[in-house]
Amino acid sequence: MRVTPWSVEGEIDYNKLVREFGTMMINDELLARIKKHARYLHPLLRTGYFFSHRDLDWIIDKYEEGERFYLYTGRGPSGNIHLGHILPWIFTKYLQDTFNVNLLFQVTDDEKFLYNDDKDMDEISKYTYENILDIIAIGFRKEKTKIIVDTKHIDRLYPIAIEIAKRITFSTIKATFGFNNATNIGMILFPAIQAAPCFLPSKFEGRLVPCLIPAAIDQDPYWRITRDIATKLGYYKPAQIHSRFVPGLGMHGKMSSSIPETAIFTTDEEDKIKDKISNSFTGGQATMKLQKMLGGNPENCPVFWYLKYMFEDEKSSDDRYIKCRSGSLPCYECKHALIDKTIIFIKDFKRRREEAKNLIDEYMLE
Ligand code: TYM
């Protein structure tokens, strides 16, 4: 297993990741504390999709003491947006609505230019625009959300980034991100740029502002180094809530834009969605006869997980699980259910993407 902000390989053992990264599992006590303030506990919490954290209990303490926190999340615009990206964002919107807090959304066009040898800035800028439409389509509160694009807003980020960069050595960056002597020097500075928004709200508001970052656990290396230097700079350490990865529609690995045939993009046409899901790997047996005899394996089935995370309540999902295990549910039924629900979802999402075209200025940091 190898998990970095740029690639996720192998079978993911989340317990091991929590141990290696030094994070905490979200337990029932913490869920109860969130529930106390929320109208409902989000399904992505109830199903354990968001499973790990750092200092989330502290964020709730602060909230209860009347200290409003800020949410911070982001996107590296290297391609179109797939369903894996938007799950953490849907959850971020839930947090924004529940706690009535501001959100800073960073778009790291610089990172994706520096990291990808084959991409020029024109291509990255095109995806920056397209991805911003997706971000707005999620429905974040206009008056409480600011999108920040690194190359456009560098004047806001740079003063904090150099304070951060000055306190982190090359050997720390090498050890944290696996960089080596062949890594370009832009990438070596970049972690300070992704760390800067953790502290920007404190600058905006002229007080110490707690910061909570919802994201998949692949982004965690950035927060480890940021937490190490936060108090030296006089800021609070940023807190995190980490999600698992949405699997791709292939046999292994997370959904990733670099394997487009196993990812469902918000821009995909209906036929594409049908094709991709029809060809998806499943947890089913090789033949219907074996399926009836042995039952399927929903644990290893991306179709099952998509239905569970995105479209079904717990009762329907549990029923599906039991029927699959018993061998009475053929894979094509689950695929059809997923195709139908995904098509409806994407159709509506595309409508909201269109509307977003007129809203960009309102969401952008001035
Ligand atoms: P990026 O563009 O790789 O990913 C955007 C967000 O999607 C999450 N993610 C996934 N979540 C579930 N399943 C998947 N298959 C999956 N693939 C990606 C990522 O964890 C992330 O939350 N460097 C960042 C951009 C960034 C950022 C941030 C992200 C800047 N500041 C603060 C999170 C929080 C990046 O390239 O993300």
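The model shown is predicted, which means the values in this text are computed figures rather than measured ones.

### Re the nonpolar core
Among soluble globular proteins, nonpolar side chains are generally buried collectively.
Here comes step 1: Ranked by internal contacts, the top residues of the largest apolar core, which has 71 residues, are Leu 45, Leu 83, Ile 147, Leu 212 and Ile 241.
Here comes step 2: Here this core gets nine residues from one element, more than from any other, and that element is helix α17 (residues 331-356).
Here comes step 3: The residues that make up this core include at least three from each of domain 1 (2-249) and domain 2 (260-354).
Here comes step 4: Apart from the residues lying within four places of it in its own chain, the contact partners of Ile 147 are Phe 105, Val 107, Ile 132, Ile 135, Ile 136, His 153, Tyr 363, Met 364 and Leu 365.
Here comes step 5: By size, the runner-up hydrophobic cluster in this structure holds 34 residues, among which are Ile 193, Ala 196, Cys 211 and Ala 230.

### Looking at unusual backbone geometry
Here comes step 1: Even without a glycine there, the phi angle at Asp 55 is positive, about 65 degrees.
Here comes step 2: With respect to the secondary-structure elements, Asp 55 resides in the loop between β4 (50-54) and α4 (56-64).
Here comes step 3: A relative accessible area of 25% means that Asp 55 is categorised as partly exposed.
Here comes step 4: In this structure, Asn 100 is a non-glycine residue whose phi angle is positive, near 55 degrees.
Here comes step 5: Considering the arrangement of structural elements, one finds Asn 100 in the loop between α5 (83-99) and β6 (102-107).

### Description of the site of the ligand
Here comes step 1: Contacts to the ligand come from 26 residues, most closely from Arg 75, Glu 111, Gln 194, Asp 218 and Val 246.
Here comes step 2: Here an oxygen atom of the ligand sits 2.7 Å away from a polar atom, N or O, in the side chain of Arg 75.
Here comes step 3: Note that an oxygen atom of the ligand is positioned 2.7 Å from one of the side-chain N or O atoms of Asp 218.
Here comes step 4: Protein coverage of the free-state accessible area of the ligand, which is 690 Å², stands at 98%.
Here comes step 5: Within the residue set of the shell around the ligand, elements represented by two or more residues are β5 (70-75), α5, α6 (109-115) and β8 (211-216).

### Side note on the pairing of β4
Here comes step 1: Taken across its five residues, β4 has five buried, putting it largely inside the fold.
Here comes step 2: Taken together, the two bridges between strand β3 (residues 24-25) and β4 define a ladder with antiparallel strand orientation. Pairing of Met 25 across the sheet is with Ser 52, part of β4.

### Observations regarding the side chain of Thr 92
Here comes step 1: Note on placement: Thr 92 falls in helix α5.
Here comes step 2: Taking the relative accessible area as the measure of exposure, Thr 92 reaches 0% and is therefore buried.
Here comes step 3: In contact with Thr 92, not counting residues within four places along its chain, are Leu 71, Thr 73, Leu 103, Phe 140 and Pro 214.

### Let's talk about the sheet that holds β6
Here comes step 1: Strand order in the open sheet formed by seven strands is β3-β4-β9-β8-β5-β6-β7, with mixed pairing between adjacent strands. Where the open sheet ends on each side, the last strands, each with one partner, are β3 and β7 (145-149).
Here comes step 2: By the bridge criterion, four bridges tie β4 to strand β9 (residues 239-243) in an arrangement that is antiparallel. What sits directly across from Ser 52, in β9, is His 242.
Here comes step 3: Running over the sheet, α5 touches β4, β5, β6, β7, β8 and β9 and is turned about 165 degrees from β5.

### Quick look at the side chain of Asp 150
Here comes step 1: Along the chain, Asp 150 falls in the loop between β7 and α8 (154-166).
Here comes step 2: Look at Asp 150: it is buried, it has no salt bridge, and the nearest opposite charge is Lys 112 at 11 Å.
Here comes step 3: Side-chain polar atoms of Asp 150 contact the side chain of Gln 106, separated by 2.8 Å.
Here comes step 4: The residues touching Asp 150, leaving out its near neighbours within four places in the chain, are Gln 106, Val 107, Thr 108, Asp 109, Asp 110, Leu 157, Phe 190 and Ile 193.

### Comments concerning the pairing of β8
Side chains on a regular strand alternate between the two faces of the sheet.
Here comes step 1: In terms of burial, β8 is a largely internal element, six of the six residues being buried.
Here comes step 2: Burial along β8 is two-sided: Cys 211, Ile 213 and Ala 215 and Leu 212, Pro 214 and Ala 216, pointing in opposite directions, are all buried.
Here comes step 3: Where β5 lies against β8, two bridges are found, and the strand directions are parallel. Bridged to Leu 71 within β8 is Leu 212.
Here comes step 4: In this structure, β8 lies alongside β9, joined through five bridges in parallel fashion. Directly across from Ala 215, in β9, lies its bridge partner His 242.
Here comes step 5: Following the chain from β8 across helix α12 (residues 220-230) to the adjacent parallel β9, one finds a crossover that is right-handed.

The rules behind the values
- Residues numbered from 1 in each chain as written.
- Predicted model: local features only at pLDDT ≥ 70, side-chain atom pairs only at ≥ 80, totals over all residues.
- Heavy atoms only, no water.
- Core = buried A, V, L, I, M, F, W, Y, C linked by side-chain atoms within 4.5 Å.
- Buried < 20%, exposed > 50% of the residue type's maximum accessible area, 1.4 Å probe, protein only.
- Helix = DSSP H or I, 4+ residues; strand = E, 2+ residues; numbered from the N terminus.
- Domains from an automatic or database assignment.
- Contact = heavy atoms within 4.5 Å.
- Near = heavy atom within 4 Å.
- Polar contact = N/O pair within 3.5 Å; in protein donor to acceptor, adjacent residues only side chain to side chain.
- Areas by Shrake-Rupley, 256 points an atom, 1.4 Å probe, with all protein chains shown as cover.
- Pairing = 2+ DSSP bridges.
- Axes fitted to C-alpha atoms, helices over the stretch in contact; angles between N-to-C directions.
- Lys, Arg positive; Asp, Glu negative; His and termini not counted.
- Salt bridge = Lys/Arg side-chain N within 4 Å of Asp/Glu carboxyl O.
- Right-handed = clockwise from strand over helix to strand, strands pointing away.

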